[in-house]
Amino acid sequence: MSEQGEEVDFSDTWDRDALVAKAKKYAEKMLEAPRDGWEFALWSSFCLEFLLRADLSDYDPALLADIKDVNNLISATGYSVNIKKFIPKTAATNDIVERLSKVAADFTAELSGFSLRHTSLRNGELHSGYNAFEGKKQSEWLPLFYKTCTFLTKDLSITLADIFGDDEAETAEKLIIAFKDDAAKAVKATINAHATVWKQKSESDQKKAIDISAVWATKHAGHRVKCPACQADAIVSGDAISSPRKSIIGDIITEKQEYLPSKFECVACDMKIAGLSQLAAAGLGDTYVKTQSFEASEYYASDEANEWDGYEPDYND
């Protein structure tokens, strides 16, 4: 260690067990709060974040490092950093989720999407005047919260009871089962009903509807898919879950951004599905990539110009 450096132990910053212990501490605070209050949801978001970080650390602590500064990576790998008063910085939560989705094969779009939304609400609660968790019904988030935590604890080779206690783990299991069954039953009934009506149409009416749907799908924002009821071109749409990634080839700038679907619509058979749980049950819950291309001269035009004019986005990467 050089003279300008200070010997400070930052091992807990990256330590899997320390992160698990912190998740458990926040779970205890969560369960002390009224279930119908915003505090219950807020503490749950802290618990979730540290389970996410613990799981990623279990793969390799270096994956937690904010890579904008190589000294963070050095610290995460267990080496001392010869910088006075150095304080290591971990990656932002959305980066943690993205990295975990790449190393944990079964960390699905449904789980990663919920993790991003729930921790984003926490950020809104803490860093703005927005009361992000006020009025949120448990049924809107708690089953998916426990489903996500179940994956994370299993991946960490511990149990949900290790974090939430035996009684709450039992409650969580019931919520997950009910959530899965209700979503599957609802979407299956919806698909079957529209498929039945579709089959009653004449071949000419079906063809006309499919042709109209194909044209409609090319003109609407979202990702083209085949309708599970009639097999016509349909659209899923949703919210961005990553920042745009830019690449340049010649004079063309391409932006790609990942989206998590939340809605489905088919104009051929008039079927609509809303909610990630039902979309997942219908096989429509995968993330999609929105791709847009621009000429460099237009992309860097003055703010007064409309940089989107004249460009048709490709929503079907």
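Placed above this text is the structure.
Residue positions are counted from 1 within each chain, in the order its sequence is given. Totals for whole chains, interfaces and linings use every residue, but because this is a predicted model, local features are given only for residues with pLDDT of at least 70 and side-chain atom pairs only at 80 or more, for both listing and counting. To obtain the side-chain values, all non-hydrogen atoms of the structure were used and water was disregarded.

(A) Inspection of the state of the cysteines at higher detail. Disulfides are defined as cysteine sulfur pairs within 2.5 Å. What the rule picks out here adds up to zero disulfides. Residue Cys-47 stays outside any disulfide, its sulfur separated by 5.1 Å from that of Cys-149, the closest cysteine. The thiol of Cys-227 is not disulfide-bonded; the next cysteine sulfur, from Cys-269, is found 3.6 Å away. The buried label goes to any residue with under 20% of its type's maximum accessible area, the exposed label to any with over 50%, and the partly exposed label to all in between, with areas taken from a 1.4 Å probe on protein chains only. Residue classification places Cys-227 among the buried residues on the basis of a relative accessible area of 0%.

(B) Broad picture of the nonpolar core. Core analysis: the biggest nonpolar cluster contains 49 residues, and Phe-107, Phe-145, Tyr-146 and Phe-164 have the highest contact counts within it. Working definition: helices are DSSP H or I runs of at least four residues, strands are E runs of at least two. Numbering for both runs from the N terminus. Among the elements of the structure, α2 (16-32), α3 (38-59), α5 (93-103), α6 (109-127), α7 (138-155), α8 (160-164) and α9 (166-199) are those that each provide at least two residues to this core. If one sorts the elements of this core by residue count, α3 sits on top with 11 residues. Here, two residues are considered to be in contact whenever any of their heavy atoms come within 4.5 Å of each other. With sequence-adjacent residues up to four places away left out, Phe-107 is seen in contact with Leu-52, Val-97, Leu-100, Ser-101, Ser-112, Ser-115, Thr-148, Phe-151 and Leu-152. Here, nonpolar core means buried Ala, Val, Leu, Ile, Met, Phe, Trp, Tyr and Cys residues that are tied together by side-chain atoms lying within 4.5 Å of each other. Of all hydrophobic cores here, the second largest spans 23 residues; its members include Ile-191, Ala-209, Ala-234 and Tyr-259.

(C) Representation of the packing of aromatic side chains in the model. Side-chain rings of Phe, Tyr and Trp, where Trp is taken by its six-membered ring, are said to pair if the distance between their centres is within 6.5 Å; with planes under 30 degrees apart they count as stacked, over 60 as edge-to-face, and otherwise as tilted. Within the structure shown, the criterion is met by 11 aromatic pairs. Each ring, one from Trp-43 and one from Phe-46, has its centre 5.7 Å from the other, and the planes form 50°; the classification is tilted. Of the two residues, Trp-43 and Phe-46 both sit in helix α3, three residues apart, roughly one turn of that helix. A residue is classified by how much of its surface remains accessible, and Trp-43, at 25% relative accessible area, is partly exposed. Members of the aromatic cluster, each reached through a chain of ring pairs, are Phe-40, Trp-141, Phe-145, Tyr-146 and Phe-164. Ring-over charges, as used throughout, are those where CZ of Arg or NZ of Lys falls within 6 Å of the ring centre and within 35 degrees of the ring normal. When the ring centre of Tyr-26 is taken as origin, the NZ or CZ atom of Lys-25, which lies over that ring, is 5.5 Å away.

These values are about where atoms sit, not about what they do.
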